[in-house]
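A closer look at the structure
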Amino acid sequence: MDIVFDPVTIVEVGPRDGLQNEPKTIKLDEKVRLINLLSTSGLKQIEVGSFVNPKMVPQMADSGLVFSKITRRPGISYSALVPNLNGYEQAKKCSPDAIAIFCSASESFSKANLNASIDESFMRISQFISLAKKDDILVRGYVSCVTDCPFEGPVPASNVAKVVAKLREFNCYEISLGDTLGKGSPGAVDKMIDNVLNEVSVEVLAGHFHDTSGLALENIQVSLERGIRVFDTAVGGLGGCPFAPGAPGNVATELVLKYVQGKGFKTGVNMEIIMQAAKLARDMRHV
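Sequence order sets the numbering: in each chain, residues are counted from 1 along the sequence as written. Owing to the predicted nature of the model, reporting of local features is limited to residues with pLDDT of at least 70; listing and counting of side-chain atom pairs is limited to 80 or more, with chain, interface and lining totals taken over all residues. Calculated side-chain values reflect all of the structure's heavy atoms, with hydrogen atoms and water omitted.

This brings us to the overall build of the protein chain. Assigned secondary structure in the protein chain consists of 12 helices and 10 strands. For each residue, the accessible area found with a 1.4 Å probe, counting protein chains only, is set against the maximum for its type, and the residue is called buried under 20%, exposed over 50%, and partly exposed in between. Here the protein chain, with 287 residues, has 56% of them falling under the buried criterion. In the protein chain, 74% of the contacts between residues at least 6 apart in sequence involve partners at least 24 apart. Each charge class in the protein chain was averaged separately, 30 positive and 32 negative side chains, and the resulting centres sit 6 Å apart. Working definition: helices are DSSP H or I runs of at least four residues, strands are E runs of at least two. Numbering for both runs from the N terminus. The contact criterion used is simple: two residues touch if any of their non-hydrogen atoms lie within 4.5 Å. Think of it this way: Lys and Arg go in the positive column, Asp and Glu in the negative one, and His and the chain ends go nowhere. Where a charge sits is defined by one atom per residue type, namely NZ (Lys), CZ (Arg), CG (Asp) or CD (Glu).

Written as structure tokens, this is what we have:
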């Protein structure tokens, strides 16, 4: 299949999705230093933190302080993950450029991750989505378990399409398709995208792949062939979901940059700075 070489956008999720599962407490100043370094790399979207229950995800308990201390640069969208109305109200105090909302294509994972069914998670989102529009805050959507669930196994592609359609109704400017376990095969990813494209145009889609099974780059290739040009990555390969057993490691920013640039895509991101940030991220984990 011929590929159109439009620019590829990298959404850096390391400071949030990457760090949230780290067992060692990462110091506030280290998080700020990492984000400030990433802000000099040419990235246009950085996920700073999340306003979830700190008892459930203690690593993100200081997200408000992180927002207050980072040096924001013009042209960069600094976003926060928001699970409910209370989280939205907390996030709003930090003036994020965008918020991310999330739901699952698997009922079992939704209940494990959100303590709510898929429909109940939509109800929670509906409580604050209109406020975001009124406050002129952009909304990005995440769909987890788009190919496999840690509790149910393979997830029907039609389920993913239904969730994506609902997120589009919430006026998400972008919807990120998450292979939460990193077990999705290229064939499963292709089938899933095929179903999703019956509901939305490819321009609003992003890929979010974990490299648990070493298939992230192959799945990114399938996504590129399908026309997706936005990918979530975590510098240094940080990350994993605390509610998904066996799902360590978002695909590394530096790995994806090398891959897509080698394919002829422009990203506008400075590899040298990303490599510095990757070292910093790895050092944060092991000190």
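Note on placement: Gly 227 falls in the loop between helix H10 (216-226) and strand E10 (230-233). Among the residues examined, Gly 227 registers a relative accessible area of 25% and is labelled partly exposed. As a C-alpha pair, Gly 227 and Val 202 span 25 residues in sequence and 6.3 Å in three-dimensional space.

Think of pLDDT as the predictor's per-residue confidence, scored from 0 to 100. Looking at the protein chain as a whole, its pLDDT mean stands at 93, while 95% of the residues score no less than 70. Taken as a whole, residues 242-247 scores under 50 in pLDDT and shows 24 contacts with residues more than four places along the chain or in a different chain.

Here we take up the sheet that holds strand E5 (residues 138-144). Read around the barrel, 8 strands follow the order E1-E2-E3-E4-E5-E8-E9-E10 and close on themselves; strand pairing throughout is parallel. Going across the sheet, the axis of each strand differs from the next one's by a mean of 30°, ignoring polarity. For two strands to count as paired, DSSP must find a minimum of two bridges between them. The sheet contact formed by E5 and strand E8 (residues 174-179) spans 4 bridges and is parallel. Each bridged residue has a counterpart across the sheet, and for Gly 141 the counterpart in E8 is Ile 175. Comment: axis = line fitted to C-alpha atoms, over the contacting stretch for helices; angle = value between 0 and 180 degrees taken between N-to-C directions. Against the sheet, H10 makes contact with E8, strand E9 (205-209) and E10, and its axis sits at roughly 170° relative to E9, the strand it touches most.

Two elements in contact, helix H9 (residues 186-196) and H10, have axes whose closest approach is 9 Å; the angle formed by their N-to-C orientations is 30°. One element, H9, and the other, H10, form an angle in the roughly parallel class. Regarding H9 and H10, the two cross each other, and that crossing is right-handed. Seen from H9, the contacting residues are Pro 186, Val 189, Asp 190, Ile 193 and Asp 194; seen from H10, they are Glu 218, Asn 219, Val 222, Ser 223 and Arg 226. Its residues assigned to classes, the contact of H9 with H10 shows 4 nonpolar, 2 polar and 4 charged. When an angle is under 35 degrees it counts as roughly parallel; over 145 it counts as roughly antiparallel; between 65 and 115 it counts as roughly perpendicular; any other value is oblique. Each crossing is labelled by how the near helix is turned from the far one, with a counterclockwise turn of less than a right angle marking it left-handed and a clockwise turn marking it right-handed. Three classes are used, and their members are as follows: Ala, Val, Leu, Ile, Met, Phe, Trp, Tyr, Cys and Pro are nonpolar, Asp, Glu, Lys and Arg are charged, and the others, Gly among them, are polar.

Those residues of helix H5 (residues 107-114) lying buried are Phe 109, Ser 110, Asn 113 and Leu 114. Taken end-on, H5 shows its buried residues confined to a sector of 105°, consistent with a single buried face. Taken together, the buried residues of H5 touch strand E4 (98-104), helix H6 (118-126), E5 and strand E6 (148-149). Asn 115, located one to two residues past H5, shows a positive phi value of around 55°. This arc is built from the directions going out from the helix axis to the C-beta atoms.

Once that is clear, we can look at the pairing of strand E1 (residues 9-12). A regular strand places its side chains on the two faces of the sheet in alternate fashion. Of the pairings in the sheet, the one linking E1 to E10 comprises 4 bridges and is parallel in character. Residue pairing for E10: Glu 12 is matched across the bridge by Thr 233.

A word on the side chain of Ser 110. Note on placement: Ser 110 falls in helix H5. Residue classification places Ser 110 among the buried positions, given a relative accessible area of 0%. Not counting chain neighbours up to four residues away, the residues in contact with Ser 110 comprise Ser 104, Asn 115, Ala 116, Ser 117, Ile 118 and Ser 121.

As a further point, take the environment of Asp 136. For Asp 136, the position within the fold is in the loop between helix H7 (129-134) and E5. C-alpha of Asp 136 to C-alpha of Asp 97: the two residues are 39 residues apart in sequence and 8.6 Å apart in space.

Where helix H8 (residues 157-169) contacts H9, the two axes come as close as 8 Å, and the packing angle between them is 40°. The angle between H8 and H9 falls in the class oblique. Crossing of H8 over H9 shows right-handed handedness. Counting all contacts with H8, which are made through Ala 157, Ser 158, Val 160, Ala 161 and Val 164, the residues of H9 involved are Lys 191, Met 192, Asn 195 and Val 196. Classifying every residue of the contact of H8 with H9 by side-chain character gives 6 nonpolar, 2 polar and 1 charged.

Another point: the pattern of salt bridges. The salt bridge criterion pairs a side-chain nitrogen of Lys or Arg with a carboxyl oxygen of Asp or Glu, the two atoms within 4 Å. One pass over the full model with this rule turns up 11 salt bridges. Residues Arg 140 and Asp 232 are paired through a salt bridge, measuring 2.7 Å at the closest nitrogen-oxygen approach. Here the residue Arg 140 occupies a position in strand E5, and Asp 232 occupies one in strand E10, the gap between them amounting to 92 residues. Like Arg 140, the residue Asp 232 is buried in the burial classification. For Lys 166, the salt bridge identified is with Glu 169, shortest N-O distance 3.5 Å.

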